[in-house]
Structure formats: structure tokens, C-alpha cells
Amino acid sequence: MKNIIKTQVVVIGGGPAGYSAAFRCSDLGLKTIIVENYENLGGVCLNVGCIPSKTLLHIAKIIKENENLFHQGIFDSKPKINVNNIIKFKQNIINKLTNGLNFLAKKRNVDVINGLSFFETENCLNVINKNKIQIIFENAIIATGSRPIKLPFIPYEDNRIWNSTDALFLKKIPKKMMILGSGIIGLEMATIYQSFGSKIDIVDISNNFLSEVDDDIINVYKKNIKNKFNFILGTKVLSIDNNQELLQVHMTSDNNQSIYSKEYNNILIAIGRKPNANYINKKFNKILINNFGFINVDSQMRTNIPNIFAIGDVTGNPMLAHKGIHEGHLAAEVIAGKNHYFVPKIIPSIAYTNPEIAWVGITEKDAKKENIKYKTSSFSWNSLGRAVSSNEEDGLTKLIIEKDSNRIIGGSIIGYNAGELLGEISLAIEMGCDIEDIALTIHAHPTFYESIGIAAEIYTGSATDIMNNK
């Protein structure tokens, strides 16, 4: 016997996109239910992704700052880490945030049902749990997120081979560790484990990393990490032998003409993620999914079925929590009758490495590719008072300006808290600011965000912190 529940909106998935959509629906007066497969709200991001990784990256940064001060004779000893206490610290942060979400759900009268759900019809959802619940809904929002991509030749059953979730549990600090994949997740994990004492090799089939980022920004990053971890690029992993005490990785960098092996205590697979879309269509197979596995949606986040919406990772790249949150708000507002559309000018991207790398809008690479007439203005942090006084002078702020209009169309920053600094550039692009709007805005001194103002002043010829070439 099934328990039948009726609701105006059911949200499938309780990650940042899902809970944001549900809470916004409730705020707009809609009776809303969240179906979440796991015990806690927050999804991958809060429980085993964004939040725990940023917690560990924060600790890694403090370790490096302490080591720098030790080498300068300011501290008498290097910091020692207690892994068990780091795990407790991380879990306390996760618990605080998940408890906060549970509190908000209760306050908004949003019911959370745990279980895996499948569409029966365009108005009926079956939830698989011990209670056998059937939900009759007017509208549904799919927010099922994504999962790590798996490679067929990797022996995942070996507990020495990790995905990003495993790595965040800090099961051990390996002496030698290989990270397969040089994307943002791979670089962030390398930052954490190197700071904790691991020797890191980053292997990627591509000849470069973060290919969407401008070369001058990447060059600053390379300078900062050249003695921290080893990049093995343009290299294909052929197989992994897990029958020895150490994992043996067989690789080639010349299309199998020569094959060599390296040994590691642990391997982290970080080659990307894929959407959790297919299981949605197991029985009710009317929702259109494209060749990349993403659910097709229009600019109001509607699928091909008018009362079923999809948001977040499951709808396509970029797979970013802040994109999903924005889409969740929009889907809720459309369901509530508002005539809103998903038309952002820009979506910011951040690699929370050390130093951080952040970019938004048009990069110089994009401008060249799209034949945009542009100019750039860059300011190195070795002339930035706050950066020098904070031992963070290895940074760079770069603005991309449309040549004819002088509008700011993009920006990239590498350095301390680059992701936070990106906010001013993002707002400038959304508001259609020209470069003088930034140059004539008084920026507090000494600050890191002052670098944006100085980069603008360099372009207008009014900068005094460096020699004025104009």
C-alpha cells in the first residue's frame, strides 16, 4: 500500500540548486516537498564537495603561511598537523551548515522525504524507501546533480584509488600520490595534500591545464607551484596494476611507442563529472536528454514537459553551484507565475588553489577566438602595498576592455582571495560599466581589491603606483 501525498511543487535533489529552488517556492507561497536520496540536505557541494574542500584548503593555506614565516625566522617551528582533529573540524562545519538548512526547511514548512525517486507520469513521482511514497504534484524541479566520471580500466574496488569524495575524508596522507586530471578539482586536491606532506604528480592527457584561462595568469600560477607538485602533461594512463604494495601506473606520452611506469601509495581520479540524468528516465522516458547526458531545458528551465523543470549540474556546463542556485530561484519564480528568464551576461569561475585563480566574462583567449576588438590592462601585485605587506605579491589583476566602447567585458585575477575580488568586475560587466567608472571609483587603501582600481587607472593613464606609460 502506497502513501499518497499531494503537493504543488516537488523538488528532486537537496543540493544547492534543489534546496534554493524549494525555499524560493515556499517563499512565493507554494506548497513544496524536497525528495533527497541522502540523509542531509546540501548535496555533494555541502557534504562531500565545495564546503569540506574549502575548509581543507583554508587549513592548507594557513600551513603554508606559517611555513613561510618560519623560513623568515619569525616563527620558531613549523606547524604540525593533527589529521583526526582536522577531520572533526571539517565535520563540525558541515554539521553546522546542514543543521542550518534543516532549520530553514522546517521554518518554511518544506517537507524533506528521503529516498530515490522516479517519475511514474508527468504528475506522479514514486519514492523508493521503506514507506513506499507516491507524490502527486502540479510541478516538478529536477535537481539531481552530477557524479564523478569513471574510466573502464581503473580498479575502483581498490581502496587506494580515490575519487574526490574519498580524498576529502582524509583516510591517510600518502607519501606519493598521483592525481589523474588537471582540472579545478585535481588542482585543489593537489594543493591540500601537498600542504599536508604528500609528494604529488598531476597527470593529464592534455598538454596544458585550465585551458580556458589566459596564459599570463597561468604563468603566474606555474611560478608559484613549480616546487610544490609535478605536472606530467600530454600523457595517457594505460593501466593500473594494483597487485603490489604500491600502485603501479603504466603511462605513455608518445602514443604507445614507449611505455613507462611510476609507483604511488594512492591515486585520485579527478577527470570530471557527468550528470545524474539517466535514472530519471528509467520508466517515464519522455524527458528529453541530449547526447552529452544533460536534460534539455529552455531559458525558463523548462524541460520538454511544461510542468517539469530541471536546474543545476543536470542541465549542462558549467557545473557550478552558483549557477544552479540562480537557476533554482528562476524556476521557482516561473512556477509562481513570474515572467523571468535565465539570461546572465556572465558566470564567474574560481579555482580555490594557492594562489586562487578567478575569471569572469570574456578572457583574452575568447576575444581572439571571437574576433572581438579589445585591449587589456594588467597590474602586478608586486607593486600593491597590501599584497607586499601580506607576503602575497605573486598576484596579477587583469581587465579586458572592449576597444570601441571602453566597456569592461572580462577580468581575471590570480592571488589571495581572487574569487572575492572578482565580484566588482562581475558587477561592472553586468551593469555595462566602462573602464572610467572603475578608475573614478575610490578604492580603499591598502586593500587587495585596490588592484582593480589601479588596473583601470593604468588603462586611463591616471595610475601613479607605477610608471605611467601614457
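Just so you know, these numbers come straight off a predicted model, no measurement behind them.

As for the pairing of strand 9 (residues 176–180)
Consideration 1: Most of strand 9 is tucked away: 4 of the 5 residues are buried.
Consideration 2: Relative to strand 10 (residues 199–203), strand 9 is paired through 5 bridges, and the arrangement is parallel. In the sheet register, Lys176 faces strand 10, and the bridge partner there is Lys199.
Consideration 3: For the segment spanning strand 9, helix 6 (residues 184–195) and strand 10, crossover handedness is right-handed.
Consideration 4: Of the pairings in the sheet, the one linking strand 9 to strand 15 (residues 266–269) comprises 4 bridges and is parallel in character. Bridge pairing in strand 15 places Ile179 opposite Leu268.

Some remarks on the sheet that holds strand 9
Consideration 1: With parallel pairing, the 5 strands of this open sheet are ordered in space as 8-15-9-10-11. A single partner strand is all that each edge strand has here, and the edge strands are strand 8 (161–162) and strand 11 (229–232).
Consideration 2: Pairing analysis gives 4 bridges linking strand 10 to strand 11, with the strands arranged parallel. Along strand 11, the bridge assignment pairs Ile200 with Phe229.

Some details on the environment of Ile438
Consideration 1: On the secondary structure map, Ile438 appears in helix 12 (residues 435–439).
Consideration 2: Looking at Ile438, the relative accessible area reads 6%, which means it is buried.
Consideration 3: Residues Ile438 and Ile408, spaced 30 residues apart in sequence, show a C-alpha to C-alpha distance of 9.2 Å.
Consideration 4: Beyond its immediate sequence surroundings of up to four residues, Ile438 is in contact with Ile408, Glu424, Ala428, His443, Ile452, Gly453 and Ala456.

Examining the environment of Ile350
Consideration 1: Residue position: Ile350 is located in strand 18 (residues 349–351).
Consideration 2: Placed 19 residues apart in sequence, Ile350 and Ala331 show a C-alpha to C-alpha distance of 25 Å.

Things to note about unusual backbone geometry
Excluding glycine, residues mostly carry a negative phi; peptide bonds, for their part, are mostly trans.
Consideration 1: For the bond running from Asn354 to Pro355, omega is 10 degrees, close enough to zero to count as cis.
Consideration 2: In this structure, the amide linkage connecting His445 to the following residue, Pro446, adopts the cis form with an omega of -5 degrees.
Consideration 3: Mapping Pro446 onto the fold places it in the loop between helix 12 and helix 13 (450–460).
Consideration 4: The backbone phi angle of Asn255 is positive, close to 60 degrees, even though this residue is not glycine.
Consideration 5: Examined against the element boundaries, Asn255 turns out to sit in the loop between strand 13 (247–252) and strand 14 (260–264).
Consideration 6: Residue classification places Asn255 among the exposed residues on the basis of a relative accessible area of 69%.
Consideration 7: Notably, Asn256 is not glycine yet its phi reads approximately 70 degrees, a positive angle.
Consideration 8: Relative to the elements of secondary structure, Asn256 occurs in the loop between strand 13 and strand 14.

A look at helix 8 (residues 321–335)
Consideration 1: With 15 residues, helix 8 should reach 21 Å at 1.5 Å per residue; the first-to-last C-alpha distance of 21 Å fits that figure.
Consideration 2: Listing the buried residues of helix 8 in full gives Lys323, Gly324, Glu327, Gly328, Leu330, Ala331, Ala332, Glu333, Val334 and Ile335.
Consideration 3: Packing partners of the buried residues in helix 8 comprise strand 1 (3–12), helix 1 (16–27), strand 6 (133–142) and strand 17 (308–310).
Consideration 4: The positive-phi residue at the C-terminal boundary of helix 8 is Gly337, with phi of around 105 degrees.

Looking at the sheet that holds strand 14
Consideration 1: Across the sheet, which stays open at both edges, the 3 strands sit in the order 12-13-14 with antiparallel pairing between neighbours. At either end of the open sheet lies a strand with only one pairing partner, and these are strand 12 (236–241) and strand 14. The mean inter-strand angle of the sheet, taken between neighbouring strand axes irrespective of direction, is 30 degrees.
Consideration 2: Alignment of strand 12 against strand 13, held across 5 bridges, turns out to be antiparallel. Paired with Asp241 across the two strands is Gln248, which belongs to strand 13.

The rules we used
Residues numbered from 1 in each chain as written. Predicted model: local features only at pLDDT ≥ 70, side-chain atom pairs only at ≥ 80, totals over all residues. Heavy atoms only, no water. Buried < 20%, exposed > 50% of the residue type's maximum accessible area, 1.4 Å probe, protein only. Helix = DSSP H or I, 4+ residues; strand = E, 2+ residues; numbered from the N terminus. Pairing = 2+ DSSP bridges. Right-handed = clockwise from strand over helix to strand, strands pointing away. Contact = heavy atoms within 4.5 Å. Expected span 1.5 Å × (residues − 1). Axes fitted to C-alpha atoms, helices over the stretch in contact; angles between N-to-C directions.

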